[in-house]
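Structural description and commentary
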Amino acid sequence: DAEITQSPRHKITETGRQVTLACHQTWNHNNMFWYRQDLGHGLRLIHYSYGVQDTNKGEVSDGYSVSRSNTEDLPLTLESAASSQTSVYFCASSEGGFNQPQHFGDGTRLSIL
Amino acid sequence: RKEVEQDPGPFNVPEGATVAFNCTYSNSASQSFFWYRQDCRKEPKLLMSVYSSGNEDGRFTAQLNRASQYISLLIRDSKLSDSATYLCVVNEESGGYQKVTFGIGTKLQVIP
């Protein structure tokens, strides 16, 4: 069955370190998204991509970057981790078009000490 | 005004009750709408799309009111397993791209 997987599921790291969260989908979806979810804020969009070599900033993109070298993967990098980036991170994908729902990975729980 | 607003709750209802949630959106040009369910510490899962004419899936009914710019979710005969947070999602076109906005979610607790 097609799916979307995130790794790692949990990570603890120190401030200032570079961290990369992986997202891999086998649906062959063009659209991929990264969100963070914090209490009181709901899901907030970090970056998104509509296809290979396409990346766009979302609502809370500062301190994060993504790259899209193939259809299946959209890794999220925290260039220099900050404690404010402690959060739960969700990756999602969807088919093209404005009426398509997103499908989410299991999430990565990231703690920055 | 927030782009998508939901009452965070919690809504505490007894088993068997009917409960309804609303979600208002600010952009009248919004094109598609969804309800997601999220269990504690898990990923959001698509519950149902919301169609202009309204749609039903078992005990769940979704409706769209474009004139008043809100969507609703009705759950009949509530089960304990319905306890979760329900997120509304609004899609719109923005500069040729899809803009997806999630509500903060409404927490439902079904009580025995």
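Everything that follows concerns the structure shown earlier in this document.
So, here's what we can say about the structure. (Residues numbered from 1 in each chain as written. Chains lettered and ligands numbered in written order. Predicted model: local features only at pLDDT ≥ 70, side-chain atom pairs only at ≥ 80, totals over all residues. Heavy atoms only, no water.)

Digging into the environment of D54 of chain A
- The topology assignment puts D54 of chain A in strand β6 (residues 54-57).
- Sequence spacing of D54 of chain A and R68 of chain A is 14 residues, and the spatial spacing of their C-alpha atoms is 6.6 Å.
- Setting aside anything within four residues of it in sequence, one finds D54 of chain A in contact with Y48, S49 and R68 of chain A together with Y97 of chain B.
- Within the structure, D54 of chain A has its side chain in polar contact with the backbone nitrogen of Y50 of chain A (distance 2.8 Å). (Helix = DSSP H or I, 4+ residues; strand = E, 2+ residues; numbered from the N terminus. Contact = heavy atoms within 4.5 Å. Polar contact = N/O pair within 3.5 Å; in protein donor to acceptor, adjacent residues only side chain to side chain.)

Structural notes on the pairing of β6 of chain A
Residues and elements named next belong to chain A.
- The alternating pattern of β6 places D54 and N56 on a buried face, while none of T55 and K57, on the opposite face, is buried.
- Inspection of the sheet shows strand β5 (residues 42-51) paired to β6 by three bridges, in the antiparallel sense. Bridge pairing in β6 links Y48 to N56.
- In sequence, β5 turns back onto β6 through a hairpin of two residues, with Q53 there showing a positive phi of about 75°. (Buried < 20%, exposed > 50% of the residue type's maximum accessible area, 1.4 Å probe, protein only. Pairing = 2+ DSSP bridges.)

Observations regarding the sheet that holds strand β6 (residues 55-57) of chain B
All names here are of chain B.
- Spatial ordering of the open sheet is given by β1-β3-β8-β7-β6, a layout of five strands whose pairing is antiparallel. At either margin of the open sheet sits one strand with a lone partner, and together these are β1 (4-6) and β6. With direction set aside, neighbouring strand axes in the sheet form an average angle of 20°.
- In this structure, strand β7 (residues 60-65) lies alongside strand β8 (residues 70-75), joined through six bridges in antiparallel fashion. Residue pairing for β8: L64 is matched across the bridge by I71. (Axes fitted to C-alpha atoms, helices over the stretch in contact; angles between N-to-C directions.)

Quick look at the interface of chain A and chain B
- Across the boundary between the two partners, chain A contributes 23 residues, which contact 21 residues of chain B.
- Across the chain A to chain B interface the summed buried area is about 1,800 Å²; carbon plus sulfur atoms make up 55%.
- Inspection of the region where chain A meets chain B yields zero salt bridges.
- For the pair chain A and chain B, the number of links is two residue pairs in polar contact (both at pLDDT 80 or more).
- Those elements that provide at least two residues to the side of chain A that touches chain B are β4 (31-38), β5, β6 and β9 (87-94) of chain A.
- Per-element tally for the side of chain A that touches chain B: the top contributor is β4 of chain A, with four residues. (Buried area = accessible area lost by both parts, 1.4 Å probe. Salt bridge = Lys/Arg side-chain N within 4 Å of Asp/Glu carboxyl O.)

Some words on empty space enclosed by the protein
Residue and element names in this part refer to chain B.
- For the structure shown, the criterion picks out one cavity of 30 Å³ or more.
- What lines the largest cavity is simply E3, V4, Y25, S26, N27, S30, V90, E92 and T101.
- In terms of residue class, the lining of the largest cavity is made up of three nonpolar, four polar and two charged. (1 Å grid on protein atoms, 1.4 Å probe; cavity = no way out; pocket = protein on both sides within 12 Å on 5 of 7 lines; lining within 4 Å. Points joined across faces, edges and corners; volume = space filled by probe spheres on them. Nonpolar A, V, L, I, M, F, W, Y, C, P; charged D, E, K, R; others polar.)

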